[in-house]
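A closer look at the structure
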Amino acid sequence: MRWKKYIFFLLFPSVVIPVYAQETLTLERCRELALERNKSIERADENRKKAGYDTKVYLSNYLPKFSAAGNYLYTSTKLKKTLPGSYLPTFIPDGNGGLIPNLLTTIDGTPVFKEYAYFPDLDINFGLSGLYTAGIRVEQPIYTGGKVTAAYKMSRIGEEIAGLQQVLTRTEVILLSDEAYWTYIQTLELTKTAKAYKELIIGLRKDVENAYQAGLKSRNDVLKVQVKLNEAELQVLQAENAVRLARMNLCHVIGLPLTTRVYVENMAEENTTFLLSSTDITGRPEYHILSKQVELKGEETRLARSEFLPNIGVMGNFGYANGLKLNGEKLLDKTSFSAVVSVQIPLFNWGEGCNKVRSVKAEKRMAALQLEDATEKMELELMQAVNEVEEKEMEVKLTTRSLEQAEENLKTSRDHFNVGMETLTDHLEAQSLWQKACSDHIRAQTSSRLSKTKYLKAAGKL
């Protein structure tokens, strides 16, 4: 019988897409390609690297910083000044190596200087042109109120969050890859079912037309079959378009060109029982990310408090200066060393420090509340995933039974139709029920496979 050939075609399908790839795309291979080439994975990896560099930046704040600086000044401006001349009093030796004023006593007894020396006018030319300096500076913080330590710890937490974000992105990409893979498998199987159903209608139309030519069927019966054939042809076209879109989406997810022709394995029946072994969500990266955010807010509190605590630092400078001429004679041409200890103590800021600390503490409480809320939602999501796995497994069993019944019903209907014991309408209905049972079974299988991936993601095991 022709219908048996089409049922065999459905139960033992083969991929009809030409093979241009060098390897078969299994579910595991699609995951590997998606993790290697997906743009989200690349961004998450770069974000983790950035967080690692930021940690090294903050770690360097513990160490002294060295810097070199040099300056050169050229200017045509010259400072000129003339000191006017004057008379200066004189002094004489006192016999003990010292000097005493050279005084003379007048008639009225008033002492006056006996002699004066004349000091002529003095011209001063001060030149700045050609002045240059060079030096090395060392700066080392001694105490910063915990600012350096808090910033470093925040960078470490940020690096851990970036790593968890990378894990989260990986699980999301795997889920996306599985969805694309099973959607493609589903469209291929539905296309085969649509073609098998079309072939059944074509065979039935041939039998009805022969019966019409022999006067055993009416023209109306031929038209009924033709209408069903038109519907079947439209279903085949829609299924083929769905395959094309699903293939392009799969290529996009795993990082292949959209025009790549891919080959996938057939969907076989699952023979193993999937164990729902976990109802704990603490393994999920989302849970750890939120926990780290609470910890991060704690360090932000210490950082805010450090801004209003004393700061102590030391700086040393070793330099060389050359230039600065006075009346054509160079004044500077030597090296020098200097050291500075800096102490800064905030005294009063109108409550700015306390309010900043309180603000960050409020943010920490908000983060803790967000963690509690998200934990409950993730537990609910996990329970929904568990229920979905159980429901989909039951759906696979029921659709398998329905398919077996539809196949038996189609066989019985065909036998009765051939001997005139069943109407054409009833036989067409039996074929439609068979097609629906096949399609429902395919969708149930793919949904069951995908529900297991969703459960693993919800349980933090993907």
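Reading guide: rules and limits
- Numbers given to residues run from 1 along each chain, matching the order in which its sequence is written.
- Under the rules for a predicted model, residues below a pLDDT of 70 receive no local features and side-chain atom pairs below 80 are neither given nor counted, while totals for whole chains, interfaces and linings still include all residues.
- Heavy atoms from the whole structure form the basis of all side-chain values; hydrogens and water molecules are not counted.
- Each helix corresponds to a stretch of at least 4 residues labelled H or I by DSSP, and each strand to a stretch of at least 2 residues labelled E; elements are numbered beginning at the N terminus.
- Burial here depends on accessible area, computed with a 1.4 Å probe over protein chains only, as a share of the maximum for the residue type. Under 20% is buried, over 50% is exposed, and the range in between is partly exposed.
- The contact criterion used throughout is that any non-hydrogen atoms of two residues lie within 4.5 Å.
- For the area figures, the Shrake-Rupley method with a 1.4 Å probe applies, and any residue is considered shielded solely by the protein chains shown.
- Like-charged residues are merged into a patch within 9 Å and nonpolar side chains (Val, Leu, Ile, Met, Phe, Trp, Tyr) within 5 Å, provided each residue has over 30% relative accessible area and no salt bridge.
- In the sections that follow, a salt bridge refers to a side-chain nitrogen of Lys or Arg positioned within 4 Å of a carboxyl oxygen of Asp or Glu.
- Note on charges: Lys and Arg go in the positive column, Asp and Glu in the negative column, and His and the chain ends are not counted at all.
- Each charge is placed at NZ for Lys, CZ for Arg, CG for Asp and CD for Glu.
- Disulfides are defined as cysteine sulfur pairs within 2.5 Å.
- Stacked, edge-to-face and tilted are the three classes for Phe, Tyr and Trp ring pairs, Trp counted by its six-membered ring, which pair at centre distances within 6.5 Å; planes under 30 degrees apart are stacked, over 60 edge-to-face, the rest tilted.
- Either the NZ atom of lysine or the CZ atom of arginine qualifies as a charge over a ring when it sits within 6 Å of the ring centre and within 35 degrees of the ring normal.
- Think of a nonpolar core as a cluster: buried Ala, Val, Leu, Ile, Met, Phe, Trp, Tyr and Cys residues, connected wherever their side-chain atoms sit within 4.5 Å.
- As a rule, the C-alpha atoms of each element are fitted with a line to give its axis, helices using only the stretch in contact, and angles between N-to-C directions run from 0 to 180 degrees.
- Here the word oblique covers every angle except those under 35 degrees (roughly parallel), over 145 (roughly antiparallel) and from 65 to 115 (roughly perpendicular).
- Note: crossing handedness is left-handed where the near helix turns anticlockwise from the far helix by less than a right angle, and right-handed where it turns clockwise.
- Polarity classes work like this: nonpolar for Ala, Val, Leu, Ile, Met, Phe, Trp, Tyr, Cys and Pro, charged for Asp, Glu, Lys and Arg, and polar for all others, with Gly in that last group.
- The pLDDT value expresses, per residue, how confident the predictor is, ranging between 0 and 100.
- A helix is expected to reach a length of 1.5 Å times the quantity of its residues less one.

1. Observations concerning the overall build of the chain
For the chain, the helix and strand inventory stands at 8 helices and 12 strands. For the chain, the spread of C-alpha atoms along the three principal axes comes to 170 × 50 × 35 Å. Here the chain holds 462 residues, and the buried ones make up 35% of them. Restricting to contacts in the chain with at least 6 residues of sequence separation, those with at least 24 account for 83%. Here the chain has roughly 28,100 Å² of accessible surface; of this, 56% comes from carbon and sulfur atoms.

2. Thoughts on a nonpolar patch on the surface
Taken together, the side chains of I142, Y143, I312, V314, V341, V343, I345, L347, F348 and W350 make up a nonpolar region of the molecular surface, amounting to roughly 1,100 Å² of accessible area. Elements that contribute at least two residues to the nonpolar patch include exactly β10 (131-143), β11 (311-326) and β12 (329-344). Of note, I345 is situated in the loop between β12 and α7 (352-418).

3. Observations regarding a negative patch on the surface
Residues D280, E372, E376 and E379 make up a contiguous surface patch of negative charge. Following the sequence through the fold, E376 ends up in helix α7.

4. Comments concerning the state of the cysteines
All told, the structure shown has 0 disulfides when counted by the stated rule. Unpaired in this structure, C251 has its nearest cysteine sulfur neighbour in C30, at a distance of 9.0 Å.

5. Some words on the packing of aromatic side chains
Evaluated as defined, the whole model comprises 4 aromatic pairs. Aromatic side chains Y62 and Y152 sit 5.9 Å apart centroid to centroid with 80 degrees between the ring planes, which places their arrangement in the edge-to-face category. One end of the pair, Y62, is in the loop between α3 (39-59) and β1 (65-73); the other, Y152, is in helix α4 (residues 147-213), and 90 residues separate them in sequence. Take Y62: its relative accessible area is 36%, and that puts it in the partly exposed class. On the numbers, 5.1 Å between centres and 80 degrees between planes, the contact of Y181 with W182 is edge-to-face. Its end group placed over the ring of Y212, R219 keeps NZ or CZ at 6.0 Å from the ring centre.

6. Focus on the nonpolar core
Counting 24 residues, the largest nonpolar core has L25, Y181, Y184, L250, I254, V262 and V264 as its most contacted members. Elements represented by at least two residues in this core include exactly α2 (27-37), α4 and α5 (219-254). Membership of the second largest hydrophobic core comes to 20 residues, among which are A196, L204, L229 and L410.

7. Remarks on the packing of α4 against helix α6 (residues 285-306)
The interhelical angle for the contact between α4 and α6, taken along N-to-C directions, is 165 degrees, at an axis separation of 9 Å. Here α4 lies roughly antiparallel to α6, going by the angle between them. In the packing of α4 onto α6, the handedness of the crossing is left-handed. For the contact of α4 with α6, a count of residues per class yields 11 nonpolar, 4 polar and 9 charged.

8. Quick look at a positive patch on the surface
A cluster of like positive charges, contributed by R305, R358, K361, K364 and R365, occupies part of the molecular surface. Examining the composition of the positive patch, we find that 4 residues originate from one element, α7, more than from any other. Judged by its relative accessible area of 55%, R358 is exposed.

9. What to know about the environment of E233
Tracing the chain through its elements places E233 in helix α5. When its relative accessible area of 37% is taken as the criterion, E233 is described as partly exposed. With 36 residues separating them in the primary sequence, E233 and Y197 have C-alpha atoms 9.5 Å apart.

10. As for the confidence of the model for the chain
Here the chain shows a mean pLDDT of 85. Residues at 70 or above account for 90%. With pLDDT under 50 throughout, residues 1-22 is counted as low confidence; its partners more than four residues away or in other chains account for 40 contacts.

11. With respect to the side chain of S177
Topologically, S177 is positioned in helix α4. Using a relative accessible area of 0% as the deciding quantity, one classes S177 as buried. With sequence-adjacent residues up to four places away left out, S177 is seen in contact with C30, R31, A34, L250, V253 and I254.

12. Digging into α7
Between the first and last C-alpha of α7 there are 94 Å, a value that for 67 residues agrees with the 99 Å anticipated at 1.5 Å per step. With its phi angle positive at about 80 degrees, G420 sits one or two positions after the end of α7.

13. Quick notes on the pattern of salt bridges
Going through the model one piece at a time under the given rule, you end up with 25 salt bridges. Between D373 and K377 there is a salt bridge, and its shortest N-O distance comes to 3.3 Å. Taken together, the residues D373 and K377, both in helix α7 and 4 residues apart, mark about one turn of the helix. Judged by relative accessible area, which is 38%, D373 ranks as partly exposed. Exposure remark for K377: the relative accessible area of 54% places this residue in the exposed category.

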